[in-house]
Every structure is written in C-alpha cells, then in structure tokens.
Amino acid sequence: MKKKISILFLVVVTIGCLWLGIQTRKQNGIFVTQIQTQSAESLSYLVETKNHQLIMLDGGMEEDAEHLEQILLSKGGVVEAWFITLAHSQNFGALQKIVKNDKIQVNHIYISFNSSEWYQKHEPERYAETEKILDFIHSEAVVGKVQEIPNRFEVLIDHVYVTALQIKNPELTNYAAFNQSMIIKMNTTYKSLIFMGNLAKEGAQKFKLHNLDEIHCDALQISNNQQQAVDDEIYQKMTPQTLFMPVPEQTDKTKAKQEIERLKQKLKAKEAYLSSEGDKTVKIW
C-alpha cells in the first residue's frame, strides 16, 4: 500500500512539475508581430516582452508610419528600443515620421552606420536618402537617444537579451549597402530569434564564419534580399521552426508563397508567415 502511495505521489509531482514548466515557458514567451509594409525591400517587426516592453526593428518607409503608429499606440505607445538595420529610407522612414509626429515615446535608437564619405563612394545613387538619416540621427529630436553600437553589443530588455551578432561591414563593397545590414538575435531562457534584415550573400558568409556557435535559432526572419539571396545552407544550419519573410505588396505573391514554402520544406520548419498576407502576431515560447 505504501509503495502504491509513493508511486502515485511521484506521478502527481511529475505531472505538477511538467505543468509548472509549461506555464513558466508560456509566461516567459515573447510576441513577434510581422507588420505588412508598402515598399520594396522593407521590413517591420515588433517584439513584445512578457511585461509588455516594446522592441522595434526598422518599420518601413514614411508611408508605413501611420499604420505602425496605430499598432504602437494600441500597445501603450512606448518603444524601449528601436533598431535600424540599414541606412535606407525603406528601413528608417517610418521612424523619422513617427518621431516627428511626437505621439510615440522612443527611449533608445540603435544603429550601425558607416561614414557619410563611405556612402557617397560606395552607394552614390542612394546617397540623397542616406543623407537624410545621417542628419536625423544628429538632430535635436533624438538627442541622447541614438547609439552607434559595436559588434557583439548586448542589452537586456525585460527578460529578453538582444545581441548584435553582426553590424556594418565596410570592407564588403560588392553589393555594398545590403552587406551592411545588422543581424540581431533575441534570446529568452527558452527560445531564440534571429533577424537577418536585408543582408546579402557576402555578409551572410561572414556571419556564418564568425557566429557558428550561436547560429541556431527557433524563429528566423528570412533576409529580404532577392537580388543576392542568402545561401540555403546557412539557413539550414540555423534549424528554425518558425519562419518570417517580409514581402512587400508589390511583390508577386504567388512567387513569394512558393519561395517560403520551398524554404519551409527544405528547413523542415513547422510554420511560415509572409508579410504580404497582413500583420501577423506569433507567440514564441
């Protein structure tokens, strides 16, 4: 009889521990919202921590600002950290307009940009738009909020560790601009996400070379770069279960759907989401 009671006690304790573990994981999960943008090569991601602190990545062009602003206002209107992955208007335009509107409180803006001379030399055709963000980051509107971050920069926001696995690559001047795209990893106790931004092939190879021990992730944003796509081999080493793919409205939706389905099958992922299908919030836990 005592033996049966002991076994029953162990079963109850085991079930209780499993239930508690699941509840703890749920409570420590993070919400990722992939936000639909209107322009080519744009991406917009909102990450919400367990205590509702907001982390933004890019946000899109000025035309995307109104929609994004409404989403942020519905979640309290305070962004703790805003990462701009690339010095292009389709990455920073929404942030500029939102700051100008002064409805959203942005506490920290993190960037990794080259010098004005670098952009003039290696991307002259887009220098006019790049000059706007270079002026913006030194403007009175964001004084004390902008930080140029080093490689391996890390910040703890609530229960989420945010790490810059790769920043600008000024030595990569072939297809120069997109190879400057920042790569961000977010970790909780249980799960991790990697955002590849607009990274091109050469920058991705450098990323794999220097970050192989941290390349695994549970969720992955596929680089929004159709001209020089990241090799599938790199994505396979990441072993993600959830895929996010920023696809602007103008992109052929059939081709985009075929591409993300191809990647989903090849990477053996469980779920995949296209931004062209509308805003989508997923809990990673």
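Residues numbered from 1 in each chain as written. Predicted model: local features only at pLDDT ≥ 70, side-chain atom pairs only at ≥ 80, totals over all residues. Heavy atoms only, no water.

Before going further, it helps to spend a moment on the overall build of the chain. Helix and strand counts for the chain come out as eight helices and 15 strands. Burial status across the chain gives 52% buried among its 285 residues. Of the contacts formed within the chain by residues at least 6 apart in sequence, a portion of 66% connects residues at least 24 apart. As presented, the chain carries roughly 13,600 Å² of accessible surface, and 53% of it is formed by carbon and sulfur atoms. (Helix = DSSP H or I, 4+ residues; strand = E, 2+ residues; numbered from the N terminus. Buried < 20%, exposed > 50% of the residue type's maximum accessible area, 1.4 Å probe, protein only. Contact = heavy atoms within 4.5 Å. Areas by Shrake-Rupley, 256 points an atom, 1.4 Å probe, with all protein chains shown as cover.)

Here helix α8 (residues 253–267) spans 21 Å end to end across 15 residues, near enough to the 21 Å set by a 1.5 Å rise per residue. By the burial criterion, the buried members of α8 are Ala256, Ile260, Leu263 and Leu267. Taken around the axis of α8, the buried residues stretch over an arc of 60°, which confines them to a single face. In α8, the exposed residues that point more than 90 degrees away from the buried face are Thr254, Lys255, Gln258 and Gln265. (Expected span 1.5 Å × (residues − 1). Arc of directions from axis to C-beta.)

On to the environment of histidine 67. With respect to the helices, strands and loops of the structure, histidine 67 is situated in helix α2 (residues 65–74). Accessibility expressed as a relative area gives 36% for histidine 67, which makes it partly exposed. Along the sequence, histidine 67 and isoleucine 35 sit 32 residues apart, while their C-alpha atoms lie 9.1 Å from each other. Once you skip the residues sitting within four places of it in the chain, histidine 67 turns out to touch Ile35, Gln36 and Asp279.

Further remarks concern the nonpolar core. Counting 31 residues, the largest nonpolar core has Leu68, Leu72, Trp82, Ile84, Leu95, Phe113 and Ile133 as the members making the most contacts within it. Among the elements of the structure, β3 (54–58), α2, β4 (78–83), α3 (89–101), β6 (109–111), α4 (116–122) and α5 (127–136) are those that each provide at least two residues to this core. If one sorts the elements of this core by residue count, α3 sits on top with five residues. Here isoleucine 84 is in contact with Asp58, Asn91, Phe92, Leu95, Tyr110, Ile111, Phe113, Ile133 and Met182, once residues within four sequence places are set aside. Judged by nonpolar contacts, the second largest core, of 28 residues, contains Ile55, Leu57, Tyr110 and Ile149. (Core = buried A, V, L, I, M, F, W, Y, C linked by side-chain atoms within 4.5 Å.)

Attention now goes to the pattern of salt bridges. Pairs can form between side chains of opposite charge once their charged atoms are near each other. Within the structure shown, the criterion is met by 13 salt bridges. Put simply, arginine 152 and glutamate 214 hold a salt bridge, and the shortest N to O gap is 2.1 Å. With arginine 152 in the loop between β7 (146–148) and β8 (154–157) and glutamate 214 in the loop between α6 (201–210) and β12 (219–221), this residue pair connects regions lying 62 residues apart in the sequence. Salt-bridge contacts for lysine 191 lead to aspartate 218; the nearest nitrogen and oxygen are separated by 3.8 Å. Here the residue lysine 191 occupies a position in the loop between β10 (183–187) and β11 (192–195), and aspartate 218 occupies one in the loop between α6 and β12, the gap between them amounting to 27 residues. An identical accessibility class is assigned to lysine 191 and aspartate 218; each is buried. A single network of salt bridges, built from pairs that share partners, joins Asp232, Glu259, Arg262 and Lys266. (Salt bridge = Lys/Arg side-chain N within 4 Å of Asp/Glu carboxyl O.)

Let's shift gears to the packing of α2 against α3. Between α2 and α3, the shortest axis-to-axis distance is 9 Å and the interhelical angle comes to 60°. The chirality of how α2 crosses α3 is right-handed. Judged by residue contacts, Ala65, Leu68, Glu69 and Leu72 of α2 engage Ala94, Lys97, Ile98 and Asn101 from α3. (Axes fitted to C-alpha atoms, helices over the stretch in contact; angles between N-to-C directions. Left-handed = near helix turned anticlockwise from the far one by under 90°.)

A few words on the confidence of the model for the chain. Overall, the predicted model of the chain reaches an average pLDDT of 89, with 88% of residues at or above 70. For the stretch residues 16–25, pLDDT sits under 50, and the model shows five contacts to residues farther than four places along the chain or on other chains. (pLDDT = per-residue confidence, 0-100.)

Here the focus is the packing of aromatic side chains. Applying the stated criterion to the full structure yields six aromatic pairs. Between tyrosine 45 and phenylalanine 244, the aromatic rings sit 6.1 Å apart at their centres with planes inclined by 75°, giving edge-to-face as the arrangement. Placement of tyrosine 45 in strand β2 (residues 44–48) and of phenylalanine 244 in strand β13 (residues 242–245) is noted, with a sequence separation of 199 residues between them. No difference in accessibility class separates tyrosine 45 from phenylalanine 244, as the two residues are buried. Every member of this aromatic cluster is reached through a ring pair, and the members are Tyr45, Phe195, Phe244 and Tyr273. (Phe/Tyr/Trp six-rings, centres within 6.5 Å; stacked < 30°, edge-to-face > 60°.)

The strand order β8-β9-β10-β11-β12-β13-β14 describes an open sheet built from seven strands, whose pairing is mixed. Strands at the two margins of the open sheet, each flanked by one partner only, are β8 and β14 (271–274). Neighbour-to-neighbour, the strand axes of this sheet turn through a mean angle of 15°, independent of strand direction. Packed on one face of the sheet, α6 meets β9 (160–166), β10 and β11 and runs near 115° to β9. (Pairing = 2+ DSSP bridges.)

Another point: α2. Residues of α2 that are buried include every one of Ala65, Leu68, Glu69, Ile71 and Leu72, and no others. Considered in projection along α2, the buried side chains sweep an arc of 160° and stay on one side of the axis. Residues of α2 that are exposed and point more than 90 degrees away from the buried face comprise Glu66 and Ser74. In the stretch just after α2, glycine 76 is the one whose phi turns positive, near 110°.

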